[in-house]
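Structural overview for review
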Amino acid sequence: MQKYLSKPFFKETIDASHSPIWILKADDITFYLINSVSEKELQYTEEELMGESISKVCPGFSKIELLTLANRKLKKEVVTKIRRRDGSEQTANLKISNLLIEDKYYFYINVELLVLSPNNSGTKELTGFFYDQSFNTNLVPIIVADKDSLKILRVNDSVIRLYGYSRDELQHMEITKLHHPSDIEYAMKIYKSIKENRYNRFEVKHLSNNSRMIEVEIFIQLLKTFEGNLMVIIIHDISEKKMALRVLEENLNNYKIIAYNSTDIIIRHNTKGTIEYVSPASLKLLGYSPGYMTLNNLFDFIHPEDIEKIKNSLLNLSDSKKINLRIRFKNSDGKYLWFEYSAKAIIDPNLDSEMEIICNCRNITDKIEIEDKLLKAEEKAGEIEKLKNIILTNISHEMRTPLQSIIGYSQLIKDKNNDSWFLEEVNGIHENGQRLLRLINLLLNLTYLEANNFLPHFEIYNLSEIIKNVVEPFIDKAEGKGINIKINIKENPILIKTDKILLKDILDNIIDNSIKFTQHGTIQISTSVKLDRFYSRVEVTIEDNGIGFPPDKEEFVFEEFRQVSEGLSRNYEGIGLGLYLSKKMAEKINCILDVTSNEGMGTKVKLYLPIEA
C-alpha cells in the first residue's frame, strides 16, 4: 500500500521516533529527510546530508542493492555498515519500505543498529539503540557469538524464552551446545565458511534446556569488530510451521508406518471423540488393542474429571494451534495413568467435513509421581523454614527484655560508681550485654528478611545525612582502638529513594566489621556520584587497613554463619551474619554490594545505590 503524506507532517512524525529514520528520494537515492536521532547517531546535521547519496553513510552499498532500492514495490531488509562523521562504523539492519510524499516516491528506512561500537574514549559500551531497541527487546531471538571459539558472548531476552536457559548459562557455552547432535557437523561447516558481507541462511534442529527439540531457521552475518570476528545469529522458530507442513503432506499410509513404530500412543479422532485410528502402543501402555479402542469413544477411556477440560480445549483448536494437556487414561485393569496429550488439528479446506485431530499420548505417570514427591518435599522444607523463623523470633524476643534491663542497670552502675576495679567488671557486663543484644538483633533481622511478606518502605532521603548519623555512634568505639574514621562526602545533598532503616543497618554492619577487624589506623568513608545516559548511581566506599582476608575466602564472605576465621578458636567475635544480612538487605532496596580484600592490607566494601531522578 502506498503512503501519501505531506513533508511537514512526516518531519514531525519521524522526529517523534526513538530510532534513526531516513527518508530518501527514490530517483537518485539521496537524503531528503532525517530525524534528530539520526543526526545524533551519524554526527551529521540534516542540512549536511540533504542531497547527499546514501553511499556517504553506507559506503558498502553495492550497485545491485541500489538498483534493488529503485524497485517501487520494495519492502525488504538490508544488512550493511553505516559510517559516522568521525569514521567509526556500525553494522545496521535497514528496514525499507516505500511511500508517496507530495506526488513523488521516496524510501522510508528504519535503522536498527546491530553490534557493539567503541565510544569516543575508546572504552566498550552498548549503544542505546542497540541494547534497548535492536537487541534486548527484540521479539526475534538474537545471539552474538565469537566466530573462532564459537563461544556465545551475549543473547537477548527472546533467546532465553525460546531455550529455557538463564542468561549466565547461555553466555558460558558454545553455540554448538544448542544444536541437535545430528546437525552439529553440518552447522560447524557453515560456521567455518561464513564470510564478511554475506548473509548465511540454513535450517537445523536445536534442543532447549529441557531437551525439547526446536526446528529453527538461522540467518548469520559475520561482523569484524574491535572484539574480533563476531557472528550475529538471528533465529526463527519454525517448529510449528514444519509440523503443519508434515501433517498436511504426509498421507495416511506414511502416518501409519510412523505410528506403528512409536512408543507413544498415537490417536486420530474428531471433536466428538470418535476414534478412527490407534497405534499399536495402546496394547503395551493401556492393555487395549487398537481394534478395541476404535470400537469405543475416546472419552470412555478418560478420567471423568478430565473430560470437560479436553472437550473445551478441542473446541478452541485450529489448524494454526496445538494443545498440550495432562490427562488420565484408564487402563485395562481399571487404574488411571497420567498421559501428556499433545494434539494438532487436521483440516482439509477442500472438504466440508468435521475437523479431525491427531494426538500423541505419552505416559508420564512416573514423572507426575516424582513431581508430587518434590512438591511435598518443598512444602516440608517450607514448614521447617517457617518453624525455624518462629523459634528464632520467639527466643530473640524473650531474651531482649531481660537483656535490656542488664544493659540499662550496668550503664547506671557505671555512671554512679568511681571504683576502678568495680568499673572494669561492670564495663565487661555492659560490653558483653551490647554484644549479645547485637547478636539478637541480627537474628531478628534474619527472620524478617526471610519472611515472604517482608516489603521495604521507600522514601526520598539525603544519603549524606544518613552516613553521618550512622558513623557518629561508632566514633568513641573506634577512638578507643586508635582508629580514625574519616568521612569524605563532596556532594551534599545526595538524594536517593530507599528504605532508610535497611540502609542504616547495612552501613552499621559494614562499619562495625571494619572496626572489629582493624587494630589501629584509618577507616575511610567516601561517596562518588556517577551520571550517564544509562544509569545514574552513587558509590559509597568503606575502606579500612585491617587484617583483610585472602582471595580464596571471597567465595563465602556473603554466606550465612560463615567467617574467614571459623571455629571456637577464632580470633574475632560474631557468628558470620553481618555481611550475609547486608547482602540480603541490599537486594531489597535495589543496592549492589561488592567486597574486595587483600590479606594484611585491608578490606574495601562498595555500595552502588540508584539516584532519585
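Report follows, based on the coordinates.

Calculation notes
- Along each chain, the written sequence defines residue order, and numbers are assigned to residues from 1.
- Only residues with pLDDT of 70 or above have their local features reported here, since the model is predicted, and side-chain atom pairs are shown and tallied only from 80 upward, although totals for entire chains, interfaces and linings are computed over all residues.
- Note that water and hydrogens are dropped before the side-chain values are worked out from all heavy atoms of the structure.
- The numbering of helices and of strands both runs from the N terminus, where a helix is a DSSP run of H or I of at least 4 residues and a strand a run of E of at least 2.
- The buried label applies to any residue whose accessible area, calculated with a 1.4 Å probe on protein chains only, is under 20% of its type's maximum; exposed applies above 50%, and partly exposed to all values in between.
- We get accessible surface area from the Shrake-Rupley algorithm with a probe of 1.4 Å; when it comes to residues, only the shown protein chains can shield them.
- In this analysis an axis means a line fitted to C-alpha atoms, helices contributing only their contacting stretch, and an angle means the value between N-to-C directions, from 0 to 180 degrees.
- An angle below 35 degrees is read as roughly parallel, one above 145 as roughly antiparallel, one from 65 to 115 as roughly perpendicular, and any other as oblique.
- Helix crossings are classified by the rotation of the near helix relative to the far one: an anticlockwise turn of less than a right angle makes the crossing left-handed, while a clockwise turn makes it right-handed.
- Note on definitions: a residue-residue contact is assigned when non-hydrogen atoms from the two residues lie within 4.5 Å.
- Amino acids outside the nonpolar list (Ala, Val, Leu, Ile, Met, Phe, Trp, Tyr, Cys, Pro) and the charged list (Asp, Glu, Lys, Arg) are all regarded as polar, and Gly is one of them.
- Only strands that DSSP links by at least two bridges are regarded as paired with each other.
- Joining through side-chain atoms within 4.5 Å is the link that ties buried Ala, Val, Leu, Ile, Met, Phe, Trp, Tyr and Cys residues into a set, and such a set is a nonpolar core.
- Under the rule applied, a polar contact is a pair of N or O atoms within 3.5 Å (in protein, one hydrogen donor and one hydrogen acceptor; residues adjacent in sequence only if both atoms are side-chain atoms).

Structural notes on the overall build of the protein
- Along the protein, the regular secondary structure elements total 19 helices and 25 strands.
- Going through the 613 residues of the protein one by one, you find that 42% of them count as buried.
- Accessible area for the protein stands at about 34000 Å²; split by element, carbon and sulfur atoms hold 51% of it.

Quick look at the packing of helix α16 (residues 463–471) against helix α18 (residues 500–516)
- Between α16 and α18, the shortest axis-to-axis distance is 10 Å and the interhelical angle comes to 50°. Classified by the angle their axes make, α16 and α18 are oblique. Our pair here, α16 against α18, has a crossing hand that is right-handed. Counted together, Leu-463, Ile-466, Ile-467, Val-470 and Val-471 of α16 and Lys-500, Leu-503, Lys-504, Leu-507, Asp-508 and Ile-511 of α18 form the full contact between these two elements.
- Partitioning the contact of α16 with α18 into residue classes produces 8 nonpolar, no polar and 3 charged.

Considering the sheet that holds strand β14 (residues 265–270)
- In spatial order, the strands read β15-β14-β18-β17-β16; together these 5 strands make up an open sheet with antiparallel pairing. Lying at the two open borders of the sheet, with one neighbouring strand each, are β15 (275–278) and β16 (322–330). Strand-to-strand twist of the sheet, defined as the mean angle between neighbouring strand axes without regard to direction, takes the value 25°.
- Judged from the 8 bridges that link them, strand β17 (residues 336–346) and strand β18 (residues 356–363) form a sheet pairing that is antiparallel. Looking at β18, one finds that Tyr-341 is bridged to Cys-361.
- Packed onto the sheet, helix α13 (residues 304–315) meets β14, β16, β17 and β18 and runs at close to 160° relative to β16.

Some points on the nonpolar core
- Core analysis: the biggest nonpolar cluster contains 39 residues, and Leu-463, Leu-503, Leu-507, Leu-607 and Leu-609 have the highest contact counts within it.
- Among the secondary structure elements, those contributing two or more residues to this core are α16, β20 (483–488), α18, β22 (521–530), β23 (537–544), α19 (578–588), β24 (592–598) and β25 (602–610).
- With 7 residues, α18 is the largest single contributor of residues to this core.
- Setting aside residues no more than four positions away along its own chain, Leu-507 makes contact with Ile-466, Ile-467, Val-470, Val-540, Ile-542 and Leu-607.
- In terms of nonpolar packing, the next biggest core, distinct from the first, is built from 30 residues, Val-278, Leu-298, Ile-302 and Ala-343 among them.

Quick look at the environment of Arg-161
- Inspection of the secondary structure puts Arg-161 in helix α6 (residues 157–163).
- Its relative accessible area of 56% is what places Arg-161 among the exposed residues.
- Taking the C-alpha atoms as reference points, Arg-161 and Ser-208, 47 residues apart in sequence, are found 9.8 Å from one another.
- Side chain to side chain, Arg-161 and Ser-158 meet in a polar contact 3.1 Å long.

As for α19
- What α19 keeps buried is the set Gly-578, Leu-579, Tyr-580, Leu-581, Ser-582, Met-585 and Ala-586.
- At the exit of α19 stands Asn-590, carrying a positive phi of roughly 60°.

Here's the deal with the sheet that holds β20
- Ordered in space as β20-β22-β23-β25-β24, the 5 strands form an open sheet in which the pairing is mixed. Strands with a single pairing partner mark the edges of an open sheet, and in this sheet they are β20 and β24. Averaged over neighbouring strand pairs, the angle between their axes works out to 15° when direction is ignored.
- Where β24 meets β25, 7 bridges bridge the pair, whose relative direction is antiparallel. When the bridges of β25 are listed, Thr-596 appears paired with Lys-604.

In short, geometric facts, not functional conclusions.
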